[in-house]
Structures are given as C-alpha cells and as structure tokens.
Amino acid sequence: MSAPAQVAWDSLPTAEWTLQQVDAAGSSGIPDSRELVGRPPMPANLEDEKSLDEHHKRRADWQMALQGHLKSLEARQMIEFQSHDEITYALTAEGYGIAHSGSQEARLFAALPPGGDEAKTLDELKKELGADVLKIGQGKAFAKRWARKHPEKQGALARMPGVEEIVDDTAEDLREIRRSGTLQDGQRVNDLKKRKLVVQKKLLWFSITKGPQFSLKIEKLATDLSAEMLQSGEWKTRPFKKYNFDAEGVMPVTGALHPLLKVREEFRNIFFEMGFTEMPTNRFVDSSFWCFDSLFVPQQHAARDMQDTFFIKSPAAAKHIPEDYLSRVTAAHEDGGPYGSTGYGYKFSRDVTEKLVLRTHTTAVSAAMLYELANRPGGFKPAKMFSIDRVFRNEAVDATHLAEFHQVEGVVADYNITLGDLIGFMQIFFAKMGVTNLRFKPAYNPYTEPSLEIFSYHSGLGKWVEIGNSGMFRPEMLRPMGLPEGVNVLGWGLSLERPTMIRYGINNIRDLVGHKISITDVERAPAVRFP
Amino acid sequence: MPTVSVDKANFFKSLGKDYTTQEFDELCFQFGIELDDDTTEECRKAGNGERPQLKIDIPANRYDLLCHEGIARALLVFLGKMKQPDIKVMQPKEMLEIHVDDQVSKIRPTILGAVLRNVTFTPENYASFIDLQDKLHQNLGRRRTLVSMGTHDLDTIKAPFSYKGLAPKDVKFAPLNRPGQVMDGPTLMTTLEQDKHLSKYLSIIRDSPVYPVVLDAEETVCSLPPVINGDHSKITLNTKNVLIDMTGTDETRCSHALAELVSMFAEYCGEKFSVEPVKIVHSDGKSLITPDLSPRVATCRLSYINSCTGLDLDVPTTIKLLERMGHSATQSPQSPDVLQVSIPATRPDVLHECDLMEDVAVAYGFDHLPRRFPSTNTVAAPLPINKLSDVLRREFAYAGWVEALSLILCSHDEAYKQLRRPDPGSEAILLENPKSLEYQMVRTTLLPGLLKTLRENRKHSLPWRLFEVSDVARQDAEDLERCAKNERRAVASYSDREAKFEVVHGLLGRVMRVLDVPYLQGGREAASSSSSSAGKKESGHAGRDKGGYWIEESDDPTFMPGRAAVVKFRTPVREQEEKEEANQQQIKAPATGDDVDAAKRAAPTASATDVEKHLGDADKKQQSSSSSSKDSAISAISNLASKLHLGGRKGGEVITVGQLGVLHPEVLAAFGLDWPTAVLELQVEPFL
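Cut-offs and rules
Residues numbered from 1 in each chain as written. Chains lettered and ligands numbered in written order. Predicted model: local features only at pLDDT ≥ 70, side-chain atom pairs only at ≥ 80, totals over all residues. Heavy atoms only, no water. UniProt positions renumbered as here; feature names shortened; annotations may be inferred. Helix = DSSP H or I, 4+ residues; strand = E, 2+ residues; numbered from the N terminus. Contact = heavy atoms within 4.5 Å. Areas by Shrake-Rupley, 256 points an atom, 1.4 Å probe, with all protein chains shown as cover. Rg over C-alpha atoms; globule rule 2.2 N^0.38 Å. Buried < 20%, exposed > 50% of the residue type's maximum accessible area, 1.4 Å probe, protein only. Core = buried A, V, L, I, M, F, W, Y, C linked by side-chain atoms within 4.5 Å. Arc of directions from axis to C-beta. Buried area = accessible area lost by both parts, 1.4 Å probe. Salt bridge = Lys/Arg side-chain N within 4 Å of Asp/Glu carboxyl O. Polar contact = N/O pair within 3.5 Å; in protein donor to acceptor, adjacent residues only side chain to side chain. Pairing = 2+ DSSP bridges. Axes fitted to C-alpha atoms, helices over the stretch in contact; angles between N-to-C directions. Disulfide = S-S within 2.5 Å. Domains from an automatic or database assignment. pLDDT = per-residue confidence, 0-100. Parallel < 35°, antiparallel > 145°, perpendicular 65-115°, else oblique. Left-handed = near helix turned anticlockwise from the far one by under 90°. Nonpolar A, V, L, I, M, F, W, Y, C, P; charged D, E, K, R; others polar. Phe/Tyr/Trp six-rings, centres within 6.5 Å; stacked < 30°, edge-to-face > 60°. Lys NZ or Arg CZ within 6 Å of the ring centre and 35° of its normal.

Per an unreviewed UniProt entry, chain B is named Phenylalanine--tRNA ligase beta subunit, and its organism is Jaminaea rosea. For the record of chain B, the UniProt heading Subunit (unreviewed entry) holds the text "Tetramer of two alpha and two beta subunits."

Identification of chain A as phenylalanine--tRNA ligase from Jaminaea rosea is taken from an unreviewed UniProt entry. According to UniProt, the comment filed for chain A under the heading Sequence similarities (unreviewed entry) is "Belongs to the class-II aminoacyl-tRNA synthetase family. Phe-tRNA synthetase alpha subunit type 2 subfamily." Looking at chain A in UniProt, the text filed under Subcellular location (unreviewed entry) is "Cytoplasm".

Right under this line is the structure:
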C-alpha cells in the first residue's frame, strides 16, 4: 500500500484519497479530520480582512468537500462518521477598526489631558475623535472608570483622577481573536459579540472509522433495475444503491376537477339516489315575473331593491309573459284573488314585472317548472326536482360573500304531503351528507309558509348553525299556476359554497370561487365522499 | 332581517323571569326569532357601566316585533302568561280633524292620524318609541318612500290640522332640532344635504312641484314628510299628548304602520291600551276615521291545518294554540270544521289560512311534529346538457387539465377590448346597477375568467393546463320571455415557453374522439359530398352518418395572425331523420320549404329520444318501477328544454362550434400574462 498522497491546500480531497486515509489510520480510525490536512498558513497581514475571511473559507470548503464523500461512502456502508462543530470567531468591520486603532474608550482616554484635573470640552473631543467614537468611548470609559464629567467645567470630560495608565483590553482581545479565532474567556467573547465586534463562524469536522463494506475501491452501484440488466442477467451480480424509503415519490402529472364541483357531484348523486330530476337552470336571465312575482314576492320587497338584485340594462324588459297566468298572479298580489288570501293590498305594476334581472335564486326556474307541471297535457302528476346552479346578488364582496354563488335547491310536489314530510325528508337528505343532528326554526320567506330554517349542531363551534332553508310553497303562489287544490309543494335550499368551505377548511370564499383560486390547491384538493 | 336591541334587565323584567342566555336563546328559537347577541360579556369586559343589551333578529314580515314592547308582549302571550290585549279606539266628544288638500295627490296622497293621550314617557320607553319609528320607516316604509311618520306634542299645536301640497318656496319653518332657524323648502334641502342621517330621504320629494306639509290651525308647520318634523311641535320626555301623522304613497302600509305604532305605545297611555282617533277629511267631503284597529276575522279549516301539519288536532287544542300566537278563535256554528279566527290589527303578515296553519305549527313546536317521509315515487334523470358537460369535464381532467371555476360576471373591457374584439352590440347582457366595474355584464366567452385565473397563478410551474365547462349568456331576440339565452361552453388553455398550438389541437382531437365525432379528412370538400362522406365510412353503425369535424384557418383578432382556426362540425343524421328522408323520397314530395319544416319537427323528437335514453339509465339505477308519476318532471323539463333550444338540429348541417389558436401577444399583455398561450373554446350543445 502506498503512502497517502499529500493534499495541497488548493486541491480538495477525493473519495479514493479519503478511503486511503481511513485505511492508513487503522482500526481506531481518524479521530479528527482537521488533522488530515492541518491549517493553511495564516495570511501575512492580519489586518487584511479579506485574506482572513479567505483563510476560514478555505478550511470550511475543504471539510465540506470531505463531507460529500463521507455521506456517499456511508450510504454504501464503506465508512461510518460523526460530525462535530468547531466554533470560531471573526472580527466585524468595527472590530477590525479597534484591533487597528484601539477601542473608542482608549482613544478617548488618550485624547484627554493627563492628570485628571484638566478637562477637554465635548465639542473639542468631537472635533478630534468624531461623534461616534466619542459617544461610544464616553459610555465605556465611564463604565470602566477611566474618565468622568469634569466636576466644575460644564460640558467637559476629564480623566478619572489617579488613573494614569490603562490597558486597552478590548483591542487586545480582538487582536487575539484575529490571530487564533477565539479567547480563553468565553464571557469576554460574549461581551464582544454583544458589542457587535465579532461574529461567530462554524466549521464542520468529522471523526471517521471503517464501515462493514470498507474497501479501497468504489464500485459503481446501480440506481435502478434496467431492461438491459434483465436481458444480460447482470441484475444477479450487480450491487444496487440502497433505496431511501423516506424520500417522497414523484407525483404523477394529472388534471384535477374543482373541489366545489366535486361537492356538487356528491349533491347531485344524493338527489339522483332519492329520485329527483334535474331542472334546466341554464338561464341566468329571468323576468321579475318569474324571479319574484310568480313566487308571490311583493313588488316592494327588499330583495327586489337595486341594492340586492342585478337589473339588466340591455335587454331591459320581457316582451312576453303568459297573459292568463299574469292576470291570476296580479290578482293574488293585489287582493288575494280567488285564492283565499287578502293579498298585499297594492297596485301591481306591469313595468316592474317585466324588468329583466339576473336570477337571485334558482327558485325562478322551479316556479317555471311547477307552472309547466300544472299545465302539462294530462294534468298534474307528482314530481321531485332539483337544481344546483349559479345565482346572483348585487352584494358587496367580502370573505364570505360574492356577487354570485351556487344554490342547491330541491322541490317535491304531491298530494297530501305535510310539514312532517318536509322535516322527515330533510333528516334523510342531510343524513346523506353526514349531518344528523337537525332542528327547525320558524322563519319568514315570502313564498313559503311555513318557512323553516334548518339548523345543525356544529360540534367544533359548540353551537347550532344554520345550514339551509325550507318550507311549503304558499297557496297564493301555487293556485294561480293552476296546481290543483290539495297539492302541496315542499322546497328547500342551501348554498353549495358553505358546506364546501367547511369540508375543505376554507375561510375566504374567493379562495374557492373565481379567478383568485390557487391552481395548486385545486390540484391538491382531496376527493369528497359524503358518508 | 331587522335587528332589535333591547335592554336586557328591563326586558327580562317585562317577561317576569330572569332567563339565562341559553334559556332565552331556546325560547327565541321556538318562537321563530333569533337571539343574535347578548352583550353582557362585552359590557363586563369594557367595564364602562354600559347596560347589557339583547340583540334580537326579527323576521322581515313581523312589524309587531320591532320594539321591546312588541316582542315582550308576543312572548308573554306565547308563554301563556298574558292574554293578547284588545287595543280600543276611544269615542272622544270632539274628534280631531286633518283636512286634506288635493295638491298632495301629486306627491304623497295618503295621510292617517291618531292621538295617544296622557302618555307617561320614561327615558327607556321614549327611546323605544323613537327607535320603533325608525324601524317602521326602514322596513314597512321602505326607507320612508312608501310610509313615513311624524309625532307631535299636541299641546303645542292647535286643531284642526291640514295636509297640504305647497310650492317649496312657500314651505317656511324651523326644522327639528334647529330652533329659530326658519327656512324655506329649497334652503332646507340644501341645509340637510349635510345631514348624514336625513340626506338620503331628500330625493323622495326634492324635485316635486309641491312639498307635502302637515300644518296646524295657525299654519304652523308640524312636519314636512317624509323628511323632517318642525321644531315647534317636537315631543319631549314631558310630552303628555302625542299626535301622530302617518303619510305615504301606499295606503295599506300606512294603515299597518299606524296600527303597529299606536298598539305598541297605547300601553303607556293614561287609559291603558286606548287610542284616540283622528278624522281625515278630504276636499270632496269624504272622510275616514283612523286608526282602524279592528281585528280581521278570517276562517280557517281544521282539516286544512291537519292536512298540512300531519297532526290530528281537535278544535279546543287548535284554539288554544292560535291564542298563544295572539289570535282568538271560535268554532263556526255552521260547520264544525271551520274556525272563525280574529287576527289582531298588528298582524298584517297573516294573509291566508296557511299563515294561521303556520302559527298553529309554531305554537305546537316544529320539533314535536310527527316526522314522515313523502311517498312520492319518481324516477330521476339528469339534465342532458349537464350530463354531457360532466363527460367533457372528466375527459379534460383525465387529459391532465385542471378545472377552473371563474365568475360569470365580468367587465366590458375583459370581454371585448382586452380580447381585441369589437362589441357587436345587441350581444352582451349588460347590467344596470353594478356595484363595481368588475361586474358590468354577463360573460359572452369563457376566456376572460380563464385568463384571469392564469394571471393570479403566475407562480405555478409551467406548463399551465386549465379548463372550464360552464355557461356564457347572450341576448336572444327569439326568446320573448327572457330575451336572453345561456350557451354551454368548454374552454381549455395551454401555456408554456412556447405556445404549442398542437397541444390544444390535440386536445380537440381527444375530445372529439370521446364524443365519437370523426375527423373529416379534407374538411369542407368531404363535408359537402353529402351523406356518402368519410364520417359515414368511419362509423361503426350500419351506414349511419355520424357527421364529423375539421378545422379551418380563420382570421380572428384575439389570436396571432395565421395561428387561429375555427372548428367546423357537420351534424350527424339521426335515425328518425333517415326514416323521414326515406319516406319523403318515396312519396317524392316537392323539395321547397321542406328543410325548414323538417328541422322544426326534428327538434322535439330529438330531445325526446335523449330523455328516453336517460330514463332508461335512471331505471337501472333506481329499480323503482311502480310509479304513477314516472315522467311528469321529465316531460315538463324536456318541454322547457326544447324551448331553450337544447338539442334538435337538422342532420348534415355544417356549423361552427368553436375556435382554437395562439393568443395574440396584446391579449396576453392585457391580461398580464408572460407566457405564450394557446386556447380552445367549444360550444357544447351541438354535441347533445
């Protein structure tokens, strides 16, 4: 075995050289990798900040290069090693200044007249030393009891009587650190760190021993099983690189569906499972007639304000409304007509009913569907219908409100169905979403009576939270459509966004709907399975 | 939903019980109001001596619950601790009169009045009195437009009163809280522009040739409705007799508002629950005595209540339940099933027997109702266009594209200028009253939303693949009821260091393959060679023509010149049409005008076939066959769907169904995008 080649400071260690050194060190191994190479020569001029930095960097680079080999050799179980830290200190720019010219306090002391009786004014000292040196020097010199304010002369400093000579320990400590990298007295190093005169530098070094697979030769390890190896049979003899099972796999490149629409799919499935047919909600524009009046929402109702509803400038008004039906709706609003109601007691306006709007709820479509049901050839037959689609509100946008959101709506029309059916049905419907603890609060809605707000107990919040609205459509809405006496219609609705935000822990609706969503979040969103 | 704040301690004193927050919350829940907040904790923390408040949310139609007095009364009656009080209208020896001048009909025709005698105001009930007026102004009065009210210290003014329409210049008085500052109408308007609270009501009368004014016998201005009262007659804690004027444009609402106000505060009159009437005399001699507080008598069938609630209540129980909601009722002597219900004047929300049915259900307790499940037996079906959209959405995702969900509303610039497209006019649905420039119109293309989503995700690693399947909408002159129609679109984009037209082109090929639409080699020529086209040869079915697609270079300012194409689609010929065609050839009918007719006939037939197909699917899933209502919803929907122009196009027609290309660099710049981007936008309906 040949003696290990000398490593010069400008060449870094190789893996083979490292193995040779470990082998040469014998069974006890290499206790300190710093010994392998010694220290590079100190620069001739210790005042040269750059060359001192360079000195440290060369030592560090050498050990880092060694570390790279050690890790890869350890992975092959050829060696074992431990890392250690060497803490040294380097001077800051200010530290260098003090090492060169003395500390501020020493310079102040030197500037003061000897003896302690005579003084120099602060102005003079400032001129001589500069404001910074004076300020720091004054504080330190006072603390070290080297100087004092002159007892008689205002604004003047003097040496402390009796102090004729001082030792500039700060400057000396710094010079020692500059030379050796540290001081015996750790407390004094800390003081210098606090004064920002030195900074800590870390150097890694290693102790190394042979590993179970030690060898002077590095065999190339196969990283993966290849088709060639299968063909040549090389897989039988070729050593394989150890696999890192803690590393993450490579994520496949895939597309992704939007989380809100994944939740929509779950809702659609619930409806299909329960026998509901999907309504054609693919129309955003409706007349006020279908959006409000057919639902017995009075023309002065707050929801019909400019504040809440988007009206359409162009096209502005419907050109046709089924006349017969309109006259029945008009009667219901004005005085109740023949429908057993007092009506709202106001003059119904044709202009208002013709105004086109962006639908504020999908119930505008449900109304048209119920009208169709009532007037289909062969007469009314029971039906269950649903829709999930976009609705529009002219609201100020914030973390929980957008001008558009998705409404989930269901409608059941049949003879002899009761409020009890609605409540029972809601329990089954929400149970399919995994929501089981329900209560019903009396509420107001212009087109349902009774109206029930659906509450569910939220264990996280520790209280009952509203999760939807429901009710039985009013006779003043149903009878003018032509639905027979005895037919009740149950309806309920909720927003799609709210349960989705709860499912995905999203607090800001703009992170879910609209262009501000994160594509990465869409890609990473887990699947949704209602229980 | 209005929120009413009441002093917690005083309120519980009125209820005669010191509830815990939880107990009170529960009571509210049962009754149908909502405890929004209890500020006890806040007040304790603040430690500034403020008294704890209860903030209670009130249903929008319950004007009788807009003040402490009303809520307390309703809850006491609900709990059975109090009988609903009868509010009496007194018979004064000499009735106060308000004479109405014709001029007011031009601006605010209705006035009603009432007097509260020997009122004892305390700081608490005075504040409640003012607050209730404000609530009535906002809710029932629609921010004073339909109804507004003025209250006056009757002892400072002299009857008879008059309600006149005066030229603005002739209205001269010192408005409330500005004693001595006599001003005329126009000056008042200018002065009050600075008033945060009142300025929003000025426009109700500002431009009217006459202003409505309530005057006393000496022409002192009592009020200028709906803006402000006169300072002269203002009420104070020491006021004993209060004259109320209620003016507006909606007489029904005025009458309701007056009934609420006097019924609530008659509680503090010398003669409790009594109100003195006022006679309104019109110039034609007709007169009216207000307020009308007589209960409305309505009938309600027990059988109806039971059939709607699922209960089996008897007459005495039902009467008791109605009483707990403030009504009184007796059994009709003519019919044992009929109850005659007397509804207090404070409950104008009761319009129909269904409202009484609800009150019975509330009193019974929603949580106690028997829970059933409707036996309605139906077969489900998806909307065909949604089903097709889902097929496409999944295919885009399988192909590696990520789904966006952009907003339907956009700015006009985003839809046109930023895409370098001219606004053709009569296309976009423009909004009349948007709150922000972001929402000026309904999108006419899916591109802006998609490009904005890309812009917000600039940090995402390349390449970007984004898609969306959703609706755009445009004006539609043929639809008379809505004047607009939605159009389902699919859009997909690809952005990378290079535009790679071939990627979106390939995606189009993939989509068409999935939709079973063959590529027509040779494009236009192949399509024009009628039914013996390539599409027919490729189709697996015996000789059926599946139609096909190709792309043609196009000139579109949104795209780089020479880097844009339109997607052409020749619609398939359906079986039904083939049969019809064969029949026609047999009888050799003349060709003129028949194409149009055939197209019209094809429409409903085609959508019906689709519905049949889906019905089949649903049958398998559902396994429910014994249904009386199997197709009612479906047929209603297909009826409506055909009106919405879904499906139903004549076979063999060549239509443009989309476009693809490399976006013009100026479009990229307008949307703040740095990477070359190619897009594909397709109509979905033609593939139904």
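This part covers the overall build of chain B. Looking only at helices and strands, one finds 20 helices and 29 strands in chain B. Across chain B, contacts joining residues at least 24 apart in sequence account for 72% of those joining residues at least 6 apart. Of the roughly 29800 Å² of accessible surface on chain B, a fraction of 50% belongs to carbon and sulfur atoms.

This part takes up the overall build of chain A. If you tally the helices and strands in chain A, you get 18 helices and 15 strands. Here the C-alpha radius of gyration of chain A, 43 Å, is well above what a compact globule of 531 residues would show, namely 24 Å. Taking the principal axes of its C-alpha atoms as reference, chain A extends roughly 115 × 95 × 45 Å. Looking at chain A residue by residue over its 531 residues, the buried ones come to 53%.

On to the UniProt feature "domain: Aminoacyl-transfer RNA synthetases class-II family profile" (unreviewed entry) in chain A. Under the UniProt annotation, "domain: Aminoacyl-transfer RNA synthetases class-II family profile" (unreviewed entry) lies at residues 262-531 of chain A. Secondary structure across residues 262-531 of chain A comprises 30% helix and 27% strand; the distance between its end C-alpha atoms is 14 Å.

Ranked by size, the top nonpolar core spans 146 residues in total, and within it Phe267 and Leu358 of chain A together with Phe11, Phe24, Leu116 and Met246 of chain B carry the most contacts. No other element matches helix H7 (residues 251-265) of chain B, which puts eight residues into this core. Sequence-distant contacts of Leu116 of chain B, defined by excluding residues within four places in its chain, comprise Phe129, Lys240, Asn241, Val242, Ile244, Val262, Phe265, Ala266, Cys269 and Val275 of chain B. In this structure, Val297, Ala374, Ala383 and Met477 of chain A belong to the second largest nonpolar core, which totals 42 residues.

Residues and elements named next belong to chain A. Buried within helix H3 (residues 93-101) are the following residues: Gly95, Tyr96, Ile98 and Ala99. Seen along its axis, H3 keeps its buried residues to an arc of 165°; they face one direction. Among the exposed residues of H3, those pointing more than 90 degrees away from its buried face are Ala93 and His100. Buried residues along H3 sit in contact with helix H2 (49-75), strand E1 (79-91), helix H4 (104-111) and helix H7 (169-180). Positive phi shows up at Gly102, right after H3, with a value of about 90°.

Glancing now at the interface of chain A and chain B. Facing the 121 residues of chain A at the interface are 117 residues of chain B. Summed over both sides, the interface between chain A and chain B buries roughly 9900 Å², with carbon and sulfur atoms accounting for 57% of that surface. The interface formed by chain A and chain B contains twelve salt bridges. For Glu265 of chain A, the salt bridge identified is with Arg394 of chain B, shortest N-O distance 2.8 Å. At the junction of chain A with chain B, the criterion picks out 51 residue pairs in polar contact (both at pLDDT 80 or more).

On to the pattern of salt bridges, then. Working definition: two side chains of opposite charge can pair if their charged atoms are close together. Tallied over the full model, the rule gives 68 salt bridges over all chains. One salt bridge connects Glu234 of chain A with Arg238 of chain A, and the closest N-O pair in it is separated by 2.8 Å. Note on Arg238 of chain A: relative accessible area 24%, which makes it partly exposed. With a closest N to O distance of 3.1 Å, Glu395 of chain B and Arg510 of chain B form a salt bridge. Of the two residues, Glu395 of chain B sits in helix H11 (residues 384-398) while Arg510 of chain B sits in helix H14 (residues 501-514), which places them 115 residues apart along the sequence. Relative accessible area serves as the criterion here: at 14%, Glu395 of chain B is assigned to the buried category. The structure contains a network of salt bridges with shared partners spanning Arg264, Arg268 and Glu278 of chain A together with Asp390, Arg393 and Glu403 of chain B.

Backbone hydrogen bonds are what pair the strands of a sheet, in a parallel or an antiparallel way. All names here are of chain B. Taken in spatial order, the three strands line up as E17-E19-E18 in an open sheet, and their pairing is antiparallel. Only two strands of the sheet have a single neighbouring strand rather than two, namely strand E17 (296-301) and strand E18 (328-331). Here the average twist between neighbouring strands, direction ignored, is 25°. Of the strands in this sheet, E18 and strand E19 (338-343) touch helix H9 (residues 315-324), which is tilted by about 165° from E18. Across the sheet, helix H10 (residues 353-364) lies against E17 and E19, angled at about 75° from E17, the strand it touches most.

On to the state of the cysteines. All names here are of chain B. For the structure on display, the rule yields zero disulfides over all chains. Cys43 takes part in no disulfide bond, and the closest cysteine sulfur, belonging to Cys28, lies 18 Å away. Cys43 sits in the buried class, given a relative accessible area of 11%. The closest cysteine sulfur to the non-disulfide-bonded Cys300 is located on Cys308, 9.2 Å from its own sulfur.

It is worth spelling out unusual backbone geometry at this point. Residues and elements named next belong to chain B. Backbone torsion omega between Pro225 and Pro226 reads 0°, so that peptide bond is classified as cis. Mapping Pro226 onto the fold places it in the loop between strand E12 (221-224) and strand E13 (228-229). Note the cis peptide between Thr290 and Pro291, where omega equals 0°. Within the secondary structure, Pro291 is located in the loop between strand E16 (287-290) and E17.

Okay, the UniProt feature "domain: B5" (unreviewed entry) in chain B next. UniProt's entry tags residues 293-371 of chain B with the feature "domain: B5" (unreviewed entry), counted in the numbering of this structure. In this annotation, residues 293-371 of chain B is assigned 38% helix and 20% strand; the end-to-end C-alpha distance for the span is 39 Å.

Moving on: the domain arrangement of chain A. You can read the domains of chain A as domain 1 (104-167) and domain 2 (259-524). Taking only C-alpha atoms, the centre of domain 1 of chain A and the centre of domain 2 of chain A are 86 Å apart.

A few words on the confidence of the model for chain B. Residues and elements named next belong to chain B. Averaged over chain B, the pLDDT score is 87; the fraction of residues at 70 or greater is 86%. Low pLDDT, under 50, characterises residues 530-542; the stretch is placed with 21 contacts to residues that sit more than four places away or in other chains. We note a pTM of 0.77 for the whole complex and an ipTM of 0.84 for its interfaces.

Another aspect to go through is the packing of H3 of chain A against H7 of chain A. What describes two packed helices is the angle between their axes and the distance between those same axes. All names here are of chain A. Taken N-terminus to C-terminus, the directions of H3 and H7 make an angle of 110°; their axes are 8 Å apart at the nearest point. As the angle between them shows, H3 and H7 are arranged roughly perpendicular. Like other packed secondary-structure pairs, H3 and H7 cross with a definite hand, here left-handed. Facing Gly95, Tyr96, Ile98 and Ala99 of H3, the residues of H7 in contact are Thr170, Ala171, Leu174, Arg175 and Arg178. Class assignment of the residues belonging to the contact of H3 with H7 gives a composition of five nonpolar, two polar and two charged.

Another aspect to go through is the packing of aromatic side chains. The way to describe two aromatic rings as a pair is by their centre distance and the angle between their planes. By the definition in use, this model includes 42 aromatic pairs over all chains. Here the aromatic rings of Phe121 of chain B and Tyr126 of chain B are separated by 5.4 Å at their centres, their planes lie at 90°, and the arrangement is edge-to-face. Members of the aromatic cluster, each reached through a chain of ring pairs, are Phe267, Phe271, Phe272, Phe276, Phe386, Phe425, Phe429, Phe430, Trp492 and Phe530 of chain A together with Phe373 of chain B. We note Arg144 of chain B situated over the ring of Tyr201 of chain B; from NZ or CZ to the ring centre the distance is 4.1 Å. Across the ring face of Phe78 of chain B, the terminal group of Arg324 of chain B is positioned such that the distance to the ring centre comes to 4.6 Å.

So, on to the sheet that holds strand E28 (residues 654-663) of chain B. Residue and element names in this part refer to chain B. Here seven strands make up an open sheet; going across it, the order is E20-E24-E25-E29-E28-E27-E26 and the pairing mixed. What marks the edges here is a single partner per strand, and that holds for strand E20 (402-403) and strand E26 (548-553). Where E28 lies against strand E29 (residues 677-683), five bridges are found, and the strand directions are antiparallel. Looking at E29, one finds that Val662 is bridged to Ala678.

Take the domain arrangement of chain B next. When its domains are assigned, chain B resolves into domain 1 (3-79), domain 2 (88-290), domain 3 (296-368) and domain 4 (384-527 + 546-572 + 651-687). On a C-alpha basis, the centres of domain 2 of chain B and domain 4 of chain B stand 60 Å from each other.

This part covers the environment of Leu46 of chain A. Turning to its location among the elements, Leu46 of chain A is positioned in the loop between helix H1 (15-25) and H2. Considering only alpha carbons, one finds Leu46 of chain A and Glu449 of chain A, 403 residues apart in sequence, at a separation of 93 Å.

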